[in-house]
Number of protein chains: 2
Amino acid sequence: MIGIFDSGVGGMTVARAVEKLLPSCPQIYFGDLARTPYGSKSPETILRYSVQNMEFLLSRGAKLIIIACNSAASVASDELGKLFDVPIFEVISPAVRRAVAATGTGRIGVIGTRATIKTGAYDKEIAGLDSDKRVFSQACPLLVPLVEEGWLNKRETKMILRRYLYPLKLKQVDTLVLGCTHYPLLKKLIQPRIGSRVTIIDSSEEVAFALKKFLDANRQLKNSLSSEGENKYYVSDVTETAKSIAKRIFGREIELLSA
Amino acid sequence: MIGIFDSGVGGMTVARAVEKLLPSCPQIYFGDLARTPYGSKSPETILRYSVQNMEFLLSRGAKLIIIACNSAASVASDELGKLFDVPIFEVISPAVRRAVAATGTGRIGVIGTRATIKTGAYDKEIAGLDSDKRVFSQACPLLVPLVEEGWLNKRETKMILRRYLYPLKLKQVDTLVLGCTHYPLLKKLIQPRIGSRVTIIDSSEEVAFALKKFLDANRQLKNSLSSEGENKYYVSDVTETAKSIAKRIFGREIELLSA
């Protein structure tokens, strides 16, 4: 199975994108709702939680892991790679590669939680690929609560987005990376506020593309992933809000199993 | 020592109110920042965390506990009273008694997190005291993130408050209970939006008054609390945001100890 973890249900945007591209590969998802969100917590705490999440997924038969949480990817993915001997994908690198390829002016914007932005993970990754690119990043800590409230089309959400995006607009970025798995749900509000000509990179979609490419080149692993039953979605706390976000992401009822 | 716990640093509004009224009684505070917030989590999870928090405080010498988190108070205080043999105060009952005494029209509004409002704890407490009172409650899940961002005077915060308070205004409440320890920081914005003649009840202040009254009647306990060193503030995760909220609440630098 493909193991996917996130601090909550936002990472289901990744699960959904993977399901679309790799419908024959069953998934096991873990959302750490009992300790969500990660974005406001310290790197040490996020790493500790990530190790526990991976152990859970591997114990349930995952043979490959996607870190579907930008906060965890930015502070913990190197360390997790050292600790565990399975292929690990995360949401940052594929989005960065795509952004570097997409930009014309070399001015890339990144939005994410406070934890993600503070690590500078996107800046470092982009600089590692092409040191000529300029990265402008902006922490947007209120967007996750707004999405979790379902305020996807409220005036306040639009104003808050405008406030967050304004500095990036001033910097004339031509590419914007959505560095949090909740943000794809706000894509339609973000596009007009950052500018219609700005390319928006959805990290959930990009990691799904990267995984498909990898599995197409590793047929044996892909075949072994394909023969193992149905998708399972575990959470460390079951709440009504989570069920409704899951439904919104998948467009169908999702059974959340208690872990 | 007086033990105080909260899901985060919001409960420091209680610690501050207690410090003002009982300056000679040292406190030990625990803020569960590694798992904050509680307001969006299930009752089972909140109870489990509350038990752990009480065990921590008692192991460090607390002889009396204040549950400074409305979410924990509303779902866990009865159970905690059965499990632990120490005096337990919580933020709901004192605020309810005050609200019932203060209202003239008998129409009381309550605002809080989703978890607090969903339990109906305030409704039940008020009905238990006086079944003639009418309670109108409103979950305000975005207020905690707004306070934690320090957006205490932003236009968006005012708009969101207006949206949340409007239904209570329509119901013509004459008393409004701030059923979350973060909300006192928004009191100045709440008053004009709910109406200048509405009495605002601050649950942090009310629990401090109740505790003082109890200790004045239990001199022996008070004396035994008074002789034990200085205030200590523990958190399960140390973050910059927490430090800045703590400073805003106390008006001075607060050393956050890692627990």
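Residues numbered from 1 in each chain as written. Chains lettered and ligands numbered in written order. Predicted model: local features only at pLDDT ≥ 70, side-chain atom pairs only at ≥ 80, totals over all residues.

1. Thoughts on the domain arrangement of chain A
Residue and element names in this part refer to chain A. If you check the domain split of chain A, you get domain 1 (2-90 + 205-258) and domain 2 (92-203). Every contact between the two is made by 27 residues of domain 1 and, on the other side, 24 residues of domain 2. Taken together, the elements giving at least two residues each to the side of domain 1 that touches domain 2 come down to helix 1 (12-21), helix 3 (70-83), helix 10 (203-217) and helix 12 (240-250). When grouped by side-chain class, the residues that make up the side of domain 1 that touches domain 2 number 12 nonpolar, 10 polar and five charged. (Domains from an automatic or database assignment. Contact = placed C-beta atoms within 7 Å. Helix = DSSP H or I, 4+ residues; strand = E, 2+ residues; numbered from the N terminus. Nonpolar A, V, L, I, M, F, W, Y, C, P; charged D, E, K, R; others polar.)

2. Observations concerning the relation of the copies chain B and chain A
When chain B is fitted onto chain A, the two copies agree to an RMSD of 0.0 Å after a turn of 180° and an axial shift of 0.0 Å. Seen this way, the second copy is the image of the first under a two-fold rotation axis. Relative to the rotation axis, the closest C-alpha in chain B is found at Arg35 of chain B, a distance of 2.3 Å. Here 100% of the interface residues in chain B have copies in chain A that are interface residues too; the copies meet face to matching face. (Least-squares fit on C-alpha atoms with pLDDT ≥ 70 in both.)

3. Topic: the pairing of strand 2 (residues 27-31) of chain B
Regular strands place their side chains on alternate faces of the sheet. Residues and elements named next belong to chain B. Burial runs high along strand 2: five of the five residues are buried. A two-sided burial pattern is seen for strand 2, the buried positions comprising Gln27, Tyr29 and Gly31 on one face and Ile28 and Phe30 on the other. Summarising the sheet, strand 1 (residues 2-6) and strand 2 pair through five bridges and their orientation is parallel. Residue pairing across strands places Gly3 opposite Ile28, the latter belonging to strand 2. (Buried ≥ 20, exposed ≤ 12 C-beta atoms within 10 Å, placed from the backbone. Pairing = 2+ DSSP bridges.)

4. Some words on the packing of helix 4 (residues 92-102) of chain A against helix 6 (residues 121-129) of chain A
Residues and elements named next belong to chain A. Where helix 4 contacts helix 6, the two axes come as close as 10 Å, and the packing angle between them is 50°. Taken as axis vectors, helix 4 and helix 6 run oblique relative to one another. In the crossing of helix 4 with helix 6, the sense of the turn from one axis to the other is right-handed. Facing helix 4, whose interface residues are Ile92, Ser93, Val96, Arg97, Ala99 and Val100, helix 6 presents Ala121, Tyr122, Glu125, Ile126 and Leu129. Here the residues of the contact of helix 4 with helix 6 sort into eight nonpolar, one polar and two charged. (Axes fitted to C-alpha atoms, helices over the stretch in contact; angles between N-to-C directions. Parallel < 35°, antiparallel > 145°, perpendicular 65-115°, else oblique. Left-handed = near helix turned anticlockwise from the far one by under 90°.)

5. Details of the interface of chain B and chain A
Residue-level contacts link 18 residues of chain B with 18 residues of chain A. Counting only elements with at least two residues in the side of chain B that touches chain A, the list comes to helix 7 (143-148) and helix 8 (155-170) of chain B. Sort the elements by how many residues they give to the side of chain B that touches chain A and helix 8 of chain B lands first, with three residues.

6. Some remarks on the environment of Tyr234 of chain A
Residue and element names in this part refer to chain A. Its location among the elements puts Tyr234 in strand 9 (residues 232-235). Exposure remark for Tyr234: the 20 C-beta atoms within 10 Å place this residue in the buried category. In the structure, Tyr234 is positioned 204 residues away from Phe30 in sequence and 4.7 Å away in space, judged by C-alpha atoms. Each residue touching Tyr234, except ones within four places of it in the same chain, is listed here: Tyr29, Phe30, Leu257 and Ala259.

7. Digging into the sheet that holds strand 6 (residues 134-139) of chain A
Residues and elements named next belong to chain A. If you walk across this open sheet you meet the four strands as 6-5-7-8, and the pairing is parallel. Each edge of the open sheet is held by one strand with a lone partner, namely strand 6 and strand 8 (199-202). Pairs of neighbouring strands in the sheet enclose a mean axial angle of 20°, with direction left out of account. Of the pairings in the sheet, the one linking strand 5 (residues 107-112) to strand 7 (residues 175-178) comprises four bridges and is parallel in character. Along strand 7, the bridge assignment pairs Val110 with Val177. Its contacts with the sheet place helix 10 against strand 7 and strand 8, and it is angled at close to 60° to strand 8.

8. Considering helix 6 (residues 121-129) of chain B
Listed in full, the buried residues belonging to helix 6 of chain B are Ala121, Tyr122 and Ile126 of chain B. Relative to the axis of helix 6 of chain B, the buried residues are bounded by an arc of 125° and lie together on one face. (Arc of directions from axis to C-beta.)

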